[in-house]
Structure formats: structure tokens, C-alpha cells
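Here's the letter readout for the chains.
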Amino acid sequence: MTDPEPQLRSAAMFLTWHLAEHLPNAFLGDASKGSRSLRRLPERSDPIFADVYLLQCKLLPVATRLAEDRSFAVRLAVAAQCDRLCAALGDHWSSVIIDLLQALLGDNDDKVRSEAILCMPRLVESVLTGSDEIGVLEALLPTALKLLRDPSPLVRISLATSCGELLTLLVGLGSYEELTTFSSQKTFHKHKRHIDQTLIPLVQKLLHDRDPEVTSAALRAVTNASRGNVKEISSENEKKSTATPNKQQPLEKKPVFIPVLSEDQVLRLLPTLSNLAMSPQWRVRQSAVEIVPALLGCTQRLETRSRIAQLCVQLMEDQVDAVRKTAAECLCLGGGGFSSDNSEWVTAIVIPHLQSLKESVASKQRLLSLKMVEVLLSNAIISTEQKIILETAASLANDKVPNVRLTVGKVLSQIMGHISRQDIEYVLSVMEIQYFDECKRDNPDRDVLFYAKQTIKIGNEHLLRKK
């Protein structure tokens, strides 16, 4: 800790939380098993608690001194590991660690502030899952709000990422299982208040940031939050079921999908996303539409989903090819977000736009319709409308633009493994007709002929496998 080399002083923080984690082992564990013998801190009524507590009292000043080190690299190491130190020391030291992180959020170095804000969700999770105390949010969120005007884009990017992780965490803690087992209705409403009154408005402001990198980070945060916390909730349920086995109720292995954003919160974000869809930065426009499938998973109402889908429809006419393709893909994938029965979405929303693109006078829009055909069939989005989707591609097999004709072959060769034997036979007949028609042209396109022959070959191979 007093070494003149900053790298070694940084390592002192790593050693501090590791030592704090292993303190109970000094009295209860088996050192020969290493980290596998880690024990939780004994209860206060346990005689050993006083011995462990006294050793912790000697360790904590090491961390606080390192947090005031003259080298930013040392302070950065402390900021990155506050959550680990809190988990190792136990909930009776959490208020000290919260104060420590709060001070690092106001550090003079932007890298330290960035690392501290990234650590905040992890520290909040450590405190909230370890006790019913929710003062950590009241202590850290006001300080985090001040970083909204931080001059460093790096800090604001980290703030956006941190907000997304907090959204996911707080909704996860407010799920039914957590609510009935660990928390109270009052605590759940306090979490919801933080989501509605602090985190959502904060993300909305970050979406309007002057730096496109910050805007993209905020969009990613909303996307991740909208997708919900499947892994975390399912793993927690598995732990609880393992801890309290019930022979009459088997362990649930299916992942649980809990959308983070409510329908009202999604609707509040739509005007902001619509503005971003008109950004002069094409990467920002692309990021704005990438969020659509995640947002669609937060509601089952077709009316609301149609409003969200307008983001895709708007950007399917973008001048940049990458934006158009992303918008088309997101529109097609939107139906699978909430239910295995997505026929209503495909029939009411996707198919009309697919038909409209197919009949467009612009070749780039007709190519976009073929991209939608590939996405729909490759992802097994729907089976009842496969014939209509295949007929859309077949109608472009004799298009006046060679690039469209050859794309028909490329797309149909990609989806052979996702369609039935009857549909493969239909595709083969379409490609054979295209091949002979192309040969009759005055100047046949060799690329069109190549992809037609390739698709016919792949189709025949799939027919042999299905016998």
C-alpha cells in the first residue's frame, strides 16, 4: 500500500477484498480447498463474529486510504472493486462502502468517475440482495444524476450503461418471486418510484446527448433493459428451489422472461426514439431501430406494437443500405418477442409491408423485400404464411434488374433447411423457370445463372435428405 509503484498499490485493493472474503475461513474453513471453502460471515450472536469483525476493522482503512491515493490508477482499482469489497465485508459495512463509492463518483479523473458509475449497479445489487435496506439508491442516485452534465463523454457513456443495468436489476428484485420471499410491497413501490421518476427520465436525457456515442450507449441500455432479465431471475429461482426442495413441485428449468419497461414507459420513450430516427448520424438511426424487437416484447397489444413498428417502416426508406436492412429485419423479428403464436403480427403488420416493397418501382426496395423473406423463413417466424412469403420471392425471379434476380436465388438457397418438402419442390420449379428464361435473354447474366444452378443443386440435396 505504501510502495512507490502505483501498479503494486493498485494490487493492494485486489488483495484487500480477497483477504476480507477469506477472513471467516481463518476460523471456520479449510485452507486446502481454496476458494471452494469460502464461508459466509458468522451471525452477530456467534462468538467468532467479534474476531472476524476486528480484523475487518483493520482492513477497511486500507481501502479508504487507497481511494485517496495520488495516482488515478490506484483510485480506479478501488472504484472497480467496491462491490466485491462490500460483498466480502458484509452488510454491516455497506454504508461505509457506499460513502466510498460516492466520493469516487466525484473524483477529478474522468476514468475513475467512469469506473465508479459502472460499479454502481453491482454495489446496489450486493446491498439490496443482502438486506432489505434500500438507502443505497437514495445515496447514490442523486450523485449519479450530477454526472449527466459531466464534460467527459466517457463518463456519460458509462452512466447510460449503468442506468440500463439498474433498470434490469430493480425490476428483477420486484418480480413476484422476489416480492413474496424477500421483499415487501412498500419496498417494491420504492423501486418502481426510482424507475419511473429517476432512471427513465435520465435515460431519455441521455438519448438527446450531443455526442452520438453517448446516444448509442443509451439506446443499447434501453434495448438491454427492454429484453428483461431472463438469466438472473431463472438462476435465482433455481437457487431458491435448491435451497428449499419440494418433492411435489419439480424444479422449473424454463427461463423466465420479465420485460423491464412497462407499456406506458415504452410509449413515453417513442417520441424520443422517433427524433433519433431522423438523426443525421446513420449509426444513430440504425441504433434507434435496433431497439424495436426488444420494445415489442414489452407489450402484447397490437395497437401499441403497430405504433412501435412505425420506427421500422420509417427507416426502411433510409438512404443508407445498412439502416434499411436493419429496419426490415427488426420489423420481421418483432412478432416473436412475446408469444410463439405470431400469426397476427405477421399477417397484420409484416405481410402488407412485404407486398408493398415487392411492388415498389425502386429496385433497392424490392431487394429489401427479399431480405424480409430471408429473415422470416430463416428464423421460422411463422408457418401458416410460408406460401405467401415464398410467392413474394418467386414473383421477383424475372425482375428487370439482374441484381434483384440473382438475389432471389441467393435468398432461396439460404432458407432450404427451414421449409417443407412441398415448398422445396415449389422453389425448385421457380428456379428452373428462372434459369431457362435467363438463358433465352439476348444478354444472359452469368451471376443469375450461377445462383439459379446453385439453388437447384441445394434444393435437390435437401429433397434427398427428406426422403
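Residues numbered from 1 in each chain as written. Predicted model: local features only at pLDDT ≥ 70, side-chain atom pairs only at ≥ 80, totals over all residues. Heavy atoms only, no water.

A. Quick look at the overall build of the protein. Per the secondary structure count, the protein includes 23 helices and zero strands. The buried share of the protein, taken over its 467 residues, is 49%. For the protein, contacts bridging at least 24 residues in sequence account for 69% of all contacts bridging at least 6. In the structure as shown, the protein presents an accessible area of about 23300 Å², 51% of it carried by carbon and sulfur atoms. (Helix = DSSP H or I, 4+ residues; strand = E, 2+ residues; numbered from the N terminus. Buried < 20%, exposed > 50% of the residue type's maximum accessible area, 1.4 Å probe, protein only. Contact = heavy atoms within 4.5 Å. Areas by Shrake-Rupley, 256 points an atom, 1.4 Å probe, with all protein chains shown as cover.)

B. Representation of the packing of helix α19 (residues 363–378) against helix α20 (residues 386–394) within the structure. In the contact formed by α19 and α20, the axes pass within 9 Å of each other and the chain directions differ by 150 degrees. Here α19 lies roughly antiparallel to α20, going by the angle between them. Between α19 and α20 the crossing geometry is left-handed. Here α19 contributes L370, V373, L376 and L377 to the contact with α20, which in turn contributes Q386, I389, L390, T392 and A393. Here the contact of α19 with α20 is composed, by residue class, of seven nonpolar, two polar and no charged. (Axes fitted to C-alpha atoms, helices over the stretch in contact; angles between N-to-C directions. Parallel < 35°, antiparallel > 145°, perpendicular 65-115°, else oblique. Left-handed = near helix turned anticlockwise from the far one by under 90°. Nonpolar A, V, L, I, M, F, W, Y, C, P; charged D, E, K, R; others polar.)

C. Structural detail: the state of the cysteines. In the structure shown here, the tally under the stated rule is zero disulfides. Cysteine C332 is unpaired, with the sulfur of C312 as its nearest cysteine sulfur at 8.8 Å. (Disulfide = S-S within 2.5 Å.)

D. Local environment of the nonpolar core. Membership of the largest hydrophobic core comes to 127 residues, with the highest contact counts inside it found for L85, M120, V124, L140, L159, L331 and M372. In this view, L159 contacts I117, A144, L147, L148, L202 and L206; residues no more than four positions away in its chain are not counted. (Core = buried A, V, L, I, M, F, W, Y, C linked by side-chain atoms within 4.5 Å.)

E. Inspection of the environment of L23 at higher detail. Among the structural elements, L23 can be located in the loop between α1 (6–22) and α2 (47–66). As a C-alpha pair, L23 and L89 span 66 residues in sequence and 9.0 Å in three-dimensional space. Residue contacts for L23: discarding those within four places in its chain leaves V52, L55, Q56 and L59.

F. Summary view of the pattern of salt bridges. In this structure the tally under the stated criterion is 14 salt bridges. The residue R301 makes a salt bridge to E303 at a minimum N-O spacing of 3.0 Å. Taking relative accessible area as the criterion, R301 reaches 44% and is therefore assigned partly exposed. Of the charged contacts, one joins R366 and D399 as a salt bridge, the two residues approaching to 2.7 Å between their closest N and O atoms. With R366 in helix α19 and D399 in the loop between α20 and α21 (402–414), the pair connects residues that are 33 residues apart, well separated along the chain. (Salt bridge = Lys/Arg side-chain N within 4 Å of Asp/Glu carboxyl O.)

G. Geometry of the environment of P271. Looking at the secondary structure, you find P271 in helix α13 (residues 263–276). Using a relative accessible area of 48% as the deciding quantity, one classes P271 as partly exposed. C-alpha separation for the pair P271 and Q204, spaced 67 residues apart in sequence, amounts to 10.0 Å.

H. Structural view of the packing of aromatic side chains. The full count for this structure, using the stated rule, is three aromatic pairs. Measuring from ring centre to ring centre gives 6.0 Å for Y435 and F436, while their planes differ by 80 degrees; the resulting arrangement is edge-to-face. Accessibility expressed as a relative area gives 54% for F436, which makes it exposed. Their ring planes at 80 degrees and their centres at 5.1 Å tell us that F450 and Y451 sit as a pair that is edge-to-face. Taking the relative accessible area as the measure of exposure, F450 reaches 47% and is therefore partly exposed. Sitting over the face of the ring of W345, R305 holds its NZ or CZ atom 4.8 Å from the ring centroid. A cation over an aromatic ring shows up here: K387 above the ring of Y426, its NZ or CZ 3.8 Å from the ring centre. (Phe/Tyr/Trp six-rings, centres within 6.5 Å; stacked < 30°, edge-to-face > 60°. Lys NZ or Arg CZ within 6 Å of the ring centre and 35° of its normal.)

I. α21, seen in detail. The terminal C-alpha atoms of α21, which comprises 13 residues, lie 19 Å apart, in line with the 18 Å expected from a rise of 1.5 Å per residue. Taken together, the buried positions of α21 are occupied by V404, R405, L406, T407, V408, G409, V411, L412 and S413. Next to the buried residues of α21 lie α19, α20, α22 (421–440) and α23 (446–465). (Expected span 1.5 Å × (residues − 1).)

J. The arrangement of the side chain of T392 in detail. Turning to its location among the elements, T392 is positioned in helix α20. For T392, a relative accessible area of 2% corresponds to the buried category. There is a polar contact of 3.0 Å between the side chain of T392 and the backbone oxygen of I388. What T392 contacts, discounting residues up to four positions off in sequence, is L354, Q355, K358 and V373. (Polar contact = N/O pair within 3.5 Å; in protein donor to acceptor, adjacent residues only side chain to side chain.)

K. Representation of the side chain of R324 in the model. By secondary structure assignment, the location of R324 is in helix α17 (residues 321–333). On the accessibility criterion, R324 (6% relative accessible area) is buried. Excluding residues within four positions of it along the chain, R324 makes contact with L315, M316, E317, D318, Q319, K364, Q365 and L368.

L. Structural context of the packing of helix α3 (residues 72–80) against helix α5 (residues 94–105). Packing of α3 against α5 leaves a shortest axis separation of 10 Å and a crossing angle of 135 degrees. Classified by the angle their axes make, α3 and α5 are oblique. For the pair α3 and α5, the crossing hand works out as left-handed. In contact with R75, V78 and A79 of α3, α5 contributes L100, L101 and L104.

M. Looking closely at the environment of R305. Of note, R305 is situated in helix α16 (residues 302–315). When its relative accessible area of 1% is taken as the criterion, R305 is described as buried. Distance in space between the C-alpha atoms of R305 and L295 is 8.5 Å, their sequence separation being 10 residues.

N. Representation of the confidence of the model for the protein in the model. Mean pLDDT over the protein works out to 80, with 80% of the residues at or above the 70 mark. Confidence scores differ between elements of the protein, with helix α12 (residues 230–243) showing the lowest mean pLDDT of 40 and α21 the highest of 94. Note on residues 176–184: pLDDT is under 50 here. Beyond four places in sequence and across chains, it has 15 contacts. Across residues 337–341, where pLDDT falls below 50, the model places four contacts with residues more than four positions away in sequence or in other chains. (pLDDT = per-residue confidence, 0-100.)

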